[in-house]
Number of protein chains: 2
Amino acid sequence: METNALHQRIRALRANAKLLSSSTQEERNALLLAIAENLQTTYPAIASANQADVIAARAQGQKESLIKRLIFSEEKLEASLAGLKQVAQLADPIGRVKQRRLLDTGLLLEQVSFPIGVIGMIFEARPDALIQIVSLCLKSGNGIILKGGKEAQRTNTVLVEVIKQSCASSSLGDQWLTLLESHGDVDQILGMEEDIDLLIPRGTNQFVKYVMEHTSIPVLGHADGICHLYIDEAADLDKAIEIAYDSKTQYPAACNAIETILVHKKVARSLLPGLAKRLSDANVVIHGDREVCSLISAIPYQDGDWKCEYLQNELNIHMVDSLQMAIDHIEEYGSHHTDVIVSEDPQAMRTFFSLVDSADVFANCSTRFADGYRFGLGAEVGISTAKIHARGPVGLEGLMSTKYLIRGSGQVVSTYTGSEPRQFLHEELSLEGDSLLSGETV
Amino acid sequence: METNALHQRIRALRANAKLLSSSTQEERNALLLAIAENLQTTYPAIASANQADVIAARAQGQKESLIKRLIFSEEKLEASLAGLKQVAQLADPIGRVKQRRLLDTGLLLEQVSFPIGVIGMIFEARPDALIQIVSLCLKSGNGIILKGGKEAQRTNTVLVEVIKQSCASSSLGDQWLTLLESHGDVDQILGMEEDIDLLIPRGTNQFVKYVMEHTSIPVLGHADGICHLYIDEAADLDKAIEIAYDSKTQYPAACNAIETILVHKKVARSLLPGLAKRLSDANVVIHGDREVCSLISAIPYQDGDWKCEYLQNELNIHMVDSLQMAIDHIEEYGSHHTDVIVSEDPQAMRTFFSLVDSADVFANCSTRFADGYRFGLGAEVGISTAKIHARGPVGLEGLMSTKYLIRGSGQVVSTYTGSEPRQFLHEELSLEGDSLLSGETV
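Keep in mind that what you see is a predicted model, and the values were worked out from it rather than measured. (Residues numbered from 1 in each chain as written. Chains lettered and ligands numbered in written order. Predicted model: local features only at pLDDT ≥ 70, side-chain atom pairs only at ≥ 80, totals over all residues. Heavy atoms only, no water.)

Participant: What's the story with the packing of helix α13 (residues 323-333) of chain B against helix α14 (residues 346-355) of chain B in this structure? I'm lost.
Facilitator: Think of two packed helices as two axes; the pair is described by the angle between the axes and how far apart they sit. All names here are of chain B. Running from amino to carboxyl end, α13 crosses α14 at an angle of 20°, the nearest separation of the two axes being 11 Å. Relative to α14, α13 is oriented roughly parallel. The two elements α13 and α14 cross, and the hand of that crossing is right-handed. Here Leu323, Gln324, Ile327 and Ile330 of α13 lie close against α14, whose contacting residues are Ala348, Thr351, Phe352 and Leu355. Partitioned by chemical class, the residues of the contact of α13 with α14 number six nonpolar, two polar and no charged. (Axes fitted to C-alpha atoms, helices over the stretch in contact; angles between N-to-C directions. Helix = DSSP H or I, 4+ residues; strand = E, 2+ residues; numbered from the N terminus. Parallel < 35°, antiparallel > 145°, perpendicular 65-115°, else oblique. Left-handed = near helix turned anticlockwise from the far one by under 90°. Contact = heavy atoms within 4.5 Å. Nonpolar A, V, L, I, M, F, W, Y, C, P; charged D, E, K, R; others polar.)

Participant: Would you take a moment to explain the sheet that holds strand β5 (residues 177-179) of chain A for this structure?
Facilitator: The strands making up a sheet associate through hydrogen bonds between their backbones, and the pairing can be parallel or antiparallel. All names here are of chain A. Here we have four strands laid out as an open sheet, ordered β5-β4-β3-β6, and parallel in their pairing. The strands lining the two open edges of the sheet, one partner per strand, are β5 and β6 (198-201). Neighbour to neighbour, the strand axes of the sheet diverge by 15° on average, direction disregarded. Note that strand β4 (residues 143-147) and β5 share three bridges and pair parallel. Counted as the bridge partner of Ile145 is Thr178 from β5. Across the sheet, helix α6 (residues 127-139) lies against β3 (118-122), β4 and β5, angled at about 165° from β4, the strand it touches most. (Pairing = 2+ DSSP bridges.)

Participant: Could you clarify how one ought to interpret the relation of the copies chain A and chain B in this entry?
Facilitator: One copy of the chain maps onto the other through a rotation about an axis followed by a shift along the same axis. With an axial shift of 0.0 Å and an RMSD of 0.0 Å, the rotation relating chain A to chain B amounts to 180°. The symmetry that links the two subunits is that of a two-fold axis. The rotation axis passes nearest to the C-alpha of His389 of chain A in chain A, at a distance of 1.9 Å. Both copies present the same face, since 100% of the interface residues in chain A are matched by interface residues at the equivalent positions in chain B. (Least-squares fit on C-alpha atoms with pLDDT ≥ 70 in both.)

Participant: What am I meant to see in unusual backbone geometry here?
Facilitator: With the exception of glycine, most residues fall at negative phi, and the peptide bonds are largely trans. With a phi angle near 70°, His389 of chain A is a residue other than glycine that sits in the positive phi range. One can find His389 of chain A in the loop between β14 (382-384) and β15 (392-394). Note on His389 of chain A: relative accessible area 21%, which makes it partly exposed. A positive phi angle, near 60°, is found at His336 of chain B, a position not held by glycine. Topologically, His336 of chain B is positioned in the loop between α13 and β12 (338-342). (Buried < 20%, exposed > 50% of the residue type's maximum accessible area, 1.4 Å probe, protein only.)

Participant: Hey, could you run me through the interface of chain A and chain B in this one?
Facilitator: When the parts of a complex come together, some accessible area is lost, and that lost area is often taken as the interface size. On the chain B side, the residues contacting the 77 residues of chain A number 77 residues. Buried area between chain A and chain B, both sides added, is near 6400 Å², and the carbon and sulfur share of it is 58%. Applying the counting criterion to the chain A and chain B interface returns four salt bridges. Two residues, Asp197 of chain B and Lys387 of chain A, come together in a salt bridge whose shortest N-O distance is 3.6 Å. The interface formed by chain A and chain B holds 47 residue pairs in polar contact (both at pLDDT 80 or more) in total. The greatest single-element share of the side of chain A that touches chain B, amounting to eleven residues, is contributed by strand β16 (residues 400-411) of chain A. In terms of strand pairing, β16 of chain A meets strand β13 (residues 360-365) of chain B through five bridges, oriented parallel. From the neighbouring strand, Tyr404 of chain A faces β13 of chain B, where its bridge partner is Asp360 of chain B. (Buried area = accessible area lost by both parts, 1.4 Å probe. Salt bridge = Lys/Arg side-chain N within 4 Å of Asp/Glu carboxyl O. Polar contact = N/O pair within 3.5 Å; in protein donor to acceptor, adjacent residues only side chain to side chain.)

Participant: In this structure, what is going on with the sheet that holds strand β4 (residues 143-147) of chain B? I would like to understand it.
Facilitator: All names here are of chain B. Ordered in space as β5-β4-β3-β6, the four strands form an open sheet in which the pairing is parallel. Since the sheet does not close on itself, it has two edges, and those belong to β5 (177-179) and β6 (198-201), each with one partner. Pairs of neighbouring strands in the sheet enclose a mean axial angle of 15°, with direction left out of account. Relative to β6, strand β3 (residues 118-122) is paired through four bridges, and the arrangement is parallel. Across the sheet, residue Ile122 finds its bridge partner in β6, namely Pro201. Packed on one face of the sheet, helix α6 (residues 127-139) meets β3, β4 and β5 and runs near 165° to β4.

Participant: Mind showing me how you'd approach the pairing of β3 of chain A here?
Facilitator: Along any regular strand, the residues point their side chains to alternate faces of the sheet. All names here are of chain A. For β3, the buried fraction is high: five of the five residues fall into the buried class. In β3, alternate side chains face the same way, and those of Val118, Gly120 and Ile122 on one face and Ile119 and Met121 on the other are all buried. Examined bridge by bridge, β3 and β4 share five bridges and lie parallel to one another. The residue of β4 that forms the bridge with Val118 is Gly143. In this fold, the crossover linking β3 to β4 by way of α6 has right-handed handedness. (Right-handed = clockwise from strand over helix to strand, strands pointing away.)

Participant: Hey, could you run me through the packing of aromatic side chains in this one?
Facilitator: Each aromatic ring pair is characterised by the separation of its centres together with the angle its planes make. Applying the stated rule across the entire model yields 18 aromatic pairs over all chains. When the ring of Tyr301 of chain A is compared with that of Trp306 of chain A, the centres are 4.1 Å apart and the planes differ by 25°; the resulting orientation is stacked. The class for Trp306 of chain A is buried, based on a relative accessible area of 7%. For the pair Phe369 of chain A and Tyr416 of chain B, a centre-to-centre distance of 5.6 Å together with 75° between the ring planes defines the contact as edge-to-face. Separated into two different chains, Phe369 of chain A in the loop between β13 (360-365) and α15 (372-375) and Tyr416 of chain B in the loop between β16 (400-411) and β17 (427-428) make up a pair that spans both. (Phe/Tyr/Trp six-rings, centres within 6.5 Å; stacked < 30°, edge-to-face > 60°.)

Participant: Is there a simple way to explain helix α3 (residues 43-59) of chain A in this structure?
Facilitator: Each α-helix winds once per 3.6 residues, and so residues spaced three or four apart point in a common direction. All names here are of chain A. Its 17 residues give α3 an end-to-end C-alpha distance of 24 Å, which sits within 8% of 24 Å, the value for a rise of 1.5 Å per residue. Within α3, burial applies to Tyr43, Ile46, Ala49, Asn50, Asp53, Val54, Ala56 and Ala57. Looking straight down α3, one finds its buried side chains confined to an arc of 165°; they lie on one side. In α3, the exposed residues that point more than 90 degrees away from the buried face are Pro44, Gln51, Ile55 and Ala59. On the buried face of α3, the contacting elements are α2 (25-41), α4 (64-70), α5 (74-89), α6 and α7 (153-166). (Expected span 1.5 Å × (residues − 1). Arc of directions from axis to C-beta.)

Participant: Even after reading the chapter, I still don't get the pairing of strand β12 (residues 338-342) of chain A, so can you show me in this structure?
Facilitator: All names here are of chain A. Buried residues dominate β12, accounting for five of its five residues. Side-chain alternation along β12 places Thr338, Val340 and Val342 on one buried face and Asp339 and Ile341 on a second face that is also buried. Two strands pair when backbone bridges link them, and strand β7 (residues 227-231) and β12 are joined in this way by four bridges, in the parallel orientation. Residue Ile231 lies in a different strand from β12, and its bridge partner there is Val342. In terms of strand pairing, β12 meets β13 through four bridges, oriented parallel. Looking at β13, one finds that Asp339 is bridged to Val361. The β-α-β motif built from β12, the intervening helix α14 (residues 346-355) and the parallel element β13 has right-handed crossover chirality.

By themselves, these are just geometric observations and shouldn't be taken as functional.
Written as structure tokens, this is what we have:
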């Protein structure tokens, strides 16, 4: 699409998104349910477009893992409908009071949650992801620019049509979402920092890095997923073996699968043979340092292995002398995503929790728990390794900003300055009840 | 300073800042009080360096407003000491539990607050600002890179020496803060995205914009401060006039002073003569549109006036037909900093609160209340107009990130998937009590 036409469209979307941000939760929830109903009744058309996408992807020789994510089966429809209904039932994220303070008599301050504005979401060829993203953005009152993987283009086009039809009877209109058609469109929106507030790219490391390096719009997400499992000298070795197996093999292509196991030297001899045997159940290829290779059969470590994201049943095992050495290794080679300690020693756990600077830091469980659904966030738009705004799995809360509101009664600052300044009360008030945004008592 | 030497220094600071992030609040508070004591006893040396700075600034013909901020008087010392003691008394921002959820028996999730890491703070020639910034960063457990205005270089050098001396008896060491010496150093740190987590630049619009455009490190702050006062048809005109006067003249060079007054046409005739008279008490220069110029004496509007940040006793007055037209003007020309409505109509206030997309949106009070101290945040490191992370005046909370922690007992994800998946409990727990970071019951 031509630059100017696309920019016009995004500017119009921004203006229309304001309808969402100032809407009631009843309006947004009704629309979520209308979308669910409409998706159900129009499923044959969606399925037919999806079939065309799948046939084309097969003809292109796409991997079976991509095809599996691309297929929008009736089961996935059902899960999507359940998701829409669940999101409709969540508490309204708009207008939550985060601070409420009486600055002085008749001078009330509130910090309230408010939508970020316009979010650009670039995601893989997964039609059910489109529905999940739309539901979270609609619930949170954000305008949304969608760009899904090109293999799902036919399905996504029909899905967005169906969603827009669902808006026919809503006061919110259908101009708060748009679907981009090409990677060229993505390149263009990277320059629209005036009109897009946040980008959430998902996909390959290279793509996410590309986005981060080519825009001044804030970006939420993660490029690498180099996660570690540290097996402490005080570990329960049976637990350690099962956690290692799950963390690598339960879904090896996921960003929260482990790439390196760090083993304390004191338990290496008793642990490694059993660990290697368990990993061989899934034909996991092991790279080991010299000490590891002296105890089990493994490919000798080569330069760069500690920084490698294998994304398949392949991992490194590295022996360390101490907890501190494990923490230093994670700091040096990790991507600050998800790192786990296996230990029965509370002090070791606390040290690991405190000193490992990652979005998710766990003790005695699989790295694969790093997920918005498993965390109980309802759903996620992605996992962020940023240190500001949202860190870790990002659900509704990560799609919100805030505003400071004051309702005064004519106060001026000069009263509170000078030689005999009036003092502020700064009285903390309960956060319960409606905010100034919607309250009858404004 | 040579690039490599500076980069080494910043990397060392990053490593040392971990001591802060894992320290107890007792250690940090003791150090805050030690700094206060040391500043008091070494004040003669500080005052003497400050006198040299002031003499040099006067010799350079610096403006009196700069000199006023540069002077580190005994009164400012006292205020700084009081500030340090106050910050020491604030609740510990590290390890606050923001979410606590039992995912399943023996599988506890917590989201806890944690320092961002290393913060680069670039600020004007105000020695008391250095002390305030150091106190907030130390309290929040963040390493800090300081660059103050060059006119205060002698004072700042002594202040940082004194602060470092105060660390002599602390287990936290003195390597968590450093003072940069030149603008060339600033240019170099803009490229250190691996080692600096957040930049907070204060100063001229041009400088803040320059920083934003030349780094991929997240930047918190604001460039422009184009704030509006809208006087509604339902305004109390006496209040409106006093709020307008305060919002412009109480400190016209501040970012939260107004640049444009929007007047509803229905009240223009009764309001404008009185408003113009009151503004003339401070010799405020008025630029008006055609309608305004037909009612009062004003400089006729010229292209660009609506986007002009005067930073002195000078402003625009613009007549609007409706509340919506005022909101549209603010969206088009404002900088999303602080905007105020004067109205006695609750519905007009709610509409303004909801549709004006600014960090601070007020009703019936001066824009000058947009300030961390006045808000009751204790202090501020700056005011952010970003939509993500922190928006509005930024206090301790804006210097914090989060971590998700899980304490498990051997759980793996494969248990929760497949044909007969175990269900999550997702039971919300009280946020009271110690976090997994420090809890005895980990």
